[in-house]
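This is what each chain is made of:
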Amino acid sequence: MYDLKDNLKKAIEISLASLDIKELDIPIQEVPDNKPGDYGSAVAFGLAKTLRKNPALIAKEIVANLPKIAGIAKVETVGPYINFFVDSAEFIQNVVEQDASIAKNDKKVIIEHTSINPNKEAHVGHLRNISLGDAMSRIFRANGHEVEVQNYIDDTGRQAAESLFAIDYFNEEYDGSKKYDHWLGELYVRLQTAKEKDPETIEAGVSKIMFKLEHGQLRAEIEQVVKALLQSSYSLGVEYDLLVWESDIVSSGFLKQALEVLKKSDSVYTPKEGKYANALVMDVSKFLPGLEENEVVLVRSDGNAMYVAKDIGNQFWKVGLFKGIKYSEFETQPSQKTLYTTHSKGKDKITGHNFANGDIIINVIDTRQSHPQTIVRTALKMTEAAKASDFEQSHHLAYEVVTLEGQAISGRKGITVSIDEVIAEAVERARKVIAEKNPDLPAIDEIAKQVGIGALKFSMIKTEAKKIIDFRWEQALSLQGDSAPYIQYAHARAASILRAAKKEDIDYNKADWSKLGELELKLARVIAKLPEAIKMSARDLSPHILAQYGLELATTWNSYYNHKDENGKPDTRILLSEAGQKEARLLLVEKLKSTLAKSLYLLGIESPEQM
RNA sequence: GCUCCCGUAGCUCAGUAGGAUAGAGCGACCGCCUCCUAAGCGGUAGGCCACAGGUUCGACUCCUGUCGGGAGCACCA
């Protein structure tokens, strides 16, 4: 891997060593457009104080002692800054020819996302979860990790019970006229209104269903919802490795084991009196100071476990503390990859798979769950059986909610938009634009899907997770500006040039890198930043960094493509370039295209060759 | 009340572990296709980076406080 910044860092280190200085953190940054040079460093500032010397002078001394650096043509000081001038021919060639191989990382990553309550259809808020989770899993894979994607099925919850009960209560039967999750969701909403008139019957009925669910008796009914929900994920191009059922977590004894482990801690006890008398509580004050309520109820005084307790059991299992859950095949996903599930009647081990036992655990859940998620991590911290790394490597990727035209999503108030609905609309809009701009395009349907769905997912990923997204149709489905189609278009444009080049007889050995200049250098510099963008995205659990990178790369390329000289004449016509320059430019475009495609791929977005 | 998050152009957002003149998109206005896809490109207008202090050679970035906005804090999930 060609890493110029790293080379610059090392060179400065050598220079500093010869001056008898040890500075651990050497900043390297890109030079602003209006300043001389390509990369710069401000190390001298940091040394000014300890050396009691003018930073500009220090910079000069460092430059004087610099060794030769490959790919650097010139070094200059600009005041206290040390600026490097890249040898553009060498640099661009290096960027084009760098191999994209990644070092294996032996830390296994478990990413849980989607985890939609199996009682009604998914809405745009879930779309954010799915898009972020899927992007994260792709990014970690790109960083060399083994990644296991889990989708948690809360099959013992009240909401699932209410939906199932509603079927009996209204005496309805599924006739296949709409998607099952939508059909069930309507019954669920109907039941909420019916509760006002007939609370006793409904309460009693729901309790009965809940009891059955807890004992895993209505598995087939829940599976039907889960399968319908998975269809939405599949149409977004998202797949999973394992479904984890809450009822299996409980029946495998993980809840019980978790409580036993926790009881060994002084912070977990059963008060004899007070408001939590006879309940099992966990005092988190030692670990989370400053809270008003220090005690968290794990098991109610009636003996029923709270949701957090199950969640703790789940987390303990993920990090590898518990064993004994069983697995079976669930279904074959569109890519032909098998989706597995936990199942009480399954096998202890699936050949070729070692589920759970993660080194890094990432839970993609909305930010309203921050408190319970903190409790779960705290439980790991206070448990002797857990390693310190289990706590440190447990992360909550908290994302803010999605609102609709400024209003909170609420199924009951009818303020909601389902994922299936937005997908259909997005694809339809994309189809219209294609029909208008490029009517002769073959496979319009396929490309409309790629573009429409790409736009949707990108709109969920491009902003920071901690910011609220207000979903607006025109904005989310926009095909121009800061959008996936903008990047896809840049990609298709590059593809088009390469297609045309294929018809000619081109000898790429004739590429003359010295015939490339400032414009190509600019493009190459951005291409070279991809590995850094991937690393940062993973480090900060922030796919938006990669999304922003994709935009920057597409912008740079579009700008290059449309560039004109002082006379207003295009000066970057690749196919009309002179011999030597043409071949080098084509190779650069090829690299650009694959880099765009990779950025999109890591966000779970397709890169059409034409659009 | 306590805890956490947010506040950058009219609107929606970037700003890469403090660094050089704060950047995009949408909207407005002016330009660019006899030339590899105009879903594109160039330009103009638009900023006390909420406010006040502090740390620093240097703060949109770190700390404290204030003001706005959101969320969380139950023997619910």
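Keep in mind the model is a prediction, meaning the values are calculated, not measured.

1. Observations regarding the confidence of the model for chain A
Okay, so step 1: Averaged over chain A, the pLDDT score is 94; the fraction of residues at 70 or greater is 100%.
Okay, so step 2: Two numbers describe this predicted complex: its pTM, 0.96, and its ipTM, 0.96.

2. A short note on the layout of surface pockets
Unfilled space is identified by rolling a water-sized probe across the atoms.
Okay, so step 1: Considered as a void within the structure, the second largest pocket measures approximately 880 Å³ in volume.
Okay, so step 2: For the lining of the second largest pocket, the elements supplying multiple residues, two or more each, are helix H1 (4–18), helix H19 (518–527), helix H20 (530–539) and helix H22 (581–602).
Okay, so step 3: At seven residues, H20 tops the list of elements feeding residues into the lining of the second largest pocket.
Okay, so step 4: Here the lining of the second largest pocket is composed, by residue class, of 18 nonpolar, five polar and eleven charged.

3. Notes on the protein's contact with RNA strand B
Okay, so step 1: Surrounding RNA strand B, one finds 64 residues, the nearest of these being Asn 34, Glu 292, Tyr 489, Ser 496 and Met 536.
Okay, so step 2: Within the side chain of Arg 539, a nitrogen or oxygen atom sits 3.4 Å from a phosphate oxygen of RNA strand B.
Okay, so step 3: Separating a phosphate oxygen of RNA strand B from a side-chain N or O atom of Ser 559 is a distance of 3.4 Å.
Okay, so step 4: Of all the secondary structure elements, the ones that give two or more residues to the surface near RNA strand B are helix H2 (43–51), strand S4 (81–86), helix H15 (419–437), helix H18 (484–502), H20 and helix H21 (543–561).
Okay, so step 5: At six residues, the largest contribution of residues to the surface near RNA strand B is made by H18.
Okay, so step 6: Among the residues making up the surface near RNA strand B, the classes are represented as 24 nonpolar, 21 polar and 19 charged.

4. Regarding the side chain of Ser 418
Okay, so step 1: Topologically, Ser 418 is positioned in the loop between strand S16 (407–408) and H15.
Okay, so step 2: Owing to a relative accessible area of 4%, Ser 418 belongs among the buried residues under this scheme.
Okay, so step 3: A distance of 3.0 Å separates the side chain of Ser 418 from the backbone nitrogen of Glu 421, its partner in a polar contact.
Okay, so step 4: Sequence-distant contacts of Ser 418, that is, excluding residues within four places in its chain, are made with Glu 121, Ala 122, His 123 and His 182.

5. Topic: the pattern of salt bridges
Okay, so step 1: Counted by the stated rule, this structure contains 37 salt bridges.
Okay, so step 2: When the shortest N-O distance is used, the salt bridge between Arg 141 and Asp 241 registers 3.7 Å. Note that Arg 141 is positioned in helix H5 (residues 124–142) and Asp 241 in the loop between helix H9 (219–235) and strand S7 (242–245), a separation of 100 residues in sequence.
Okay, so step 3: For Arg 141, a relative accessible area of 35% puts it in the partly exposed group.
Okay, so step 4: Its relative accessible area of 13% is what places Asp 241 among the buried residues.
Okay, so step 5: Here Asp 366 ties to Arg 368 by a salt bridge, and the two come within 3.0 Å at their closest N and O atoms.
Okay, so step 6: Residue classification places Arg 368 among the exposed positions, given a relative accessible area of 63%.
Okay, so step 7: Salt bridges here are not isolated pairs; linked through shared partners, they connect Glu 30, Asp 38, Arg 525, Lys 529 and Glu 552.

6. Details of the sheet that holds strand S12 (residues 338–342)
Okay, so step 1: Overall, mixed pairing links the seven strands, which are arranged S11-S12-S7-S6-S5-S13-S14 in an open sheet. Of all the strands in the sheet, the pair left with one neighbour each is strand S11 (327–332) and strand S14 (394–399). Averaged over all pairs of adjacent strands, the angle between strand axes in this sheet comes to 25°, irrespective of strand direction.
Okay, so step 2: Note: strand S5 (residues 108–112) against strand S13 (residues 360–366), four bridges, orientation parallel. Bridge pairing in S13 links Val 109 to Ile 360.
Okay, so step 3: Along the sheet face, H5 touches S5, strand S6 (146–153), S13 and S14 and points at about 140° away from the line of S14.
Okay, so step 4: In the packing of H9 onto the sheet, the strands contacted are S6, S7, S11 and S12, and the crossing angle to S11 comes to about 50°.

7. Structural notes on empty space enclosed by the protein
Okay, so step 1: Following the criterion strictly, the structure yields one cavity of 30 Å³ or more and no others.
Okay, so step 2: Taken as a whole, the largest cavity holds about 50 Å³ of empty space.
Okay, so step 3: Surrounding the largest cavity, Thr 114, Ile 116, Asn 151, Ile 153, Val 226, Leu 229, Leu 230 and Ser 233 form its lining.
Okay, so step 4: Looking at the lining of the largest cavity element by element, the count peaks at four residues for H9.

8. Some details on unusual backbone geometry
Okay, so step 1: If you check the backbone angles, Ser 115 has positive phi at about 40° while not being a glycine.
Okay, so step 2: Note on placement: Ser 115 falls in the loop between S5 and H5.
Okay, so step 3: Positioned with a positive phi, Ala 356 is a non-glycine residue whose angle comes to about 60°.
Okay, so step 4: Secondary-structure assignment places Ala 356 in the loop between S12 and S13.

9. Description of the pairing of S13
Okay, so step 1: Taken across its seven residues, S13 has seven buried, putting it largely inside the fold.
Okay, so step 2: Residues Ile 360, Ile 362, Val 364 and Asp 366 point to one face of S13 and Ile 361, Asn 363 and Ile 365 to the other, with burial holding for every one of them.
Okay, so step 3: Across six bridges, the pairing between S13 and S14 is parallel. What sits directly across from Ile 362, in S14, is His 395.

10. Regarding helix H11 (residues 254–263)
Okay, so step 1: Within H11, burial applies to Phe 254, Leu 255, Ala 258, Leu 259 and Leu 262. Angular distribution of buried residues about the axis of H11 spans 135°; they occupy a single face of the element.
Okay, so step 2: Lining the buried residues of H11 we find helix H10 (246–251), strand S8 (268–269), strand S9 (280–283), strand S10 (295–299), helix H12 (307–318) and helix H13 (370–381).

So, how was this worked out
Residues numbered from 1 in each chain as written. Chains lettered and ligands numbered in written order. Predicted model: local features only at pLDDT ≥ 70, side-chain atom pairs only at ≥ 80, totals over all residues. Heavy atoms only, no water. pLDDT = per-residue confidence, 0-100. 1 Å grid on protein atoms, 1.4 Å probe; cavity = no way out; pocket = protein on both sides within 12 Å on 5 of 7 lines; lining within 4 Å. Points joined across faces, edges and corners; volume = space filled by probe spheres on them. Helix = DSSP H or I, 4+ residues; strand = E, 2+ residues; numbered from the N terminus. Nonpolar A, V, L, I, M, F, W, Y, C, P; charged D, E, K, R; others polar. Near = heavy atom within 4 Å. Polar contact = N/O pair within 3.5 Å; in protein donor to acceptor, adjacent residues only side chain to side chain. Buried < 20%, exposed > 50% of the residue type's maximum accessible area, 1.4 Å probe, protein only. Contact = heavy atoms within 4.5 Å. Salt bridge = Lys/Arg side-chain N within 4 Å of Asp/Glu carboxyl O. Pairing = 2+ DSSP bridges. Axes fitted to C-alpha atoms, helices over the stretch in contact; angles between N-to-C directions. Arc of directions from axis to C-beta.

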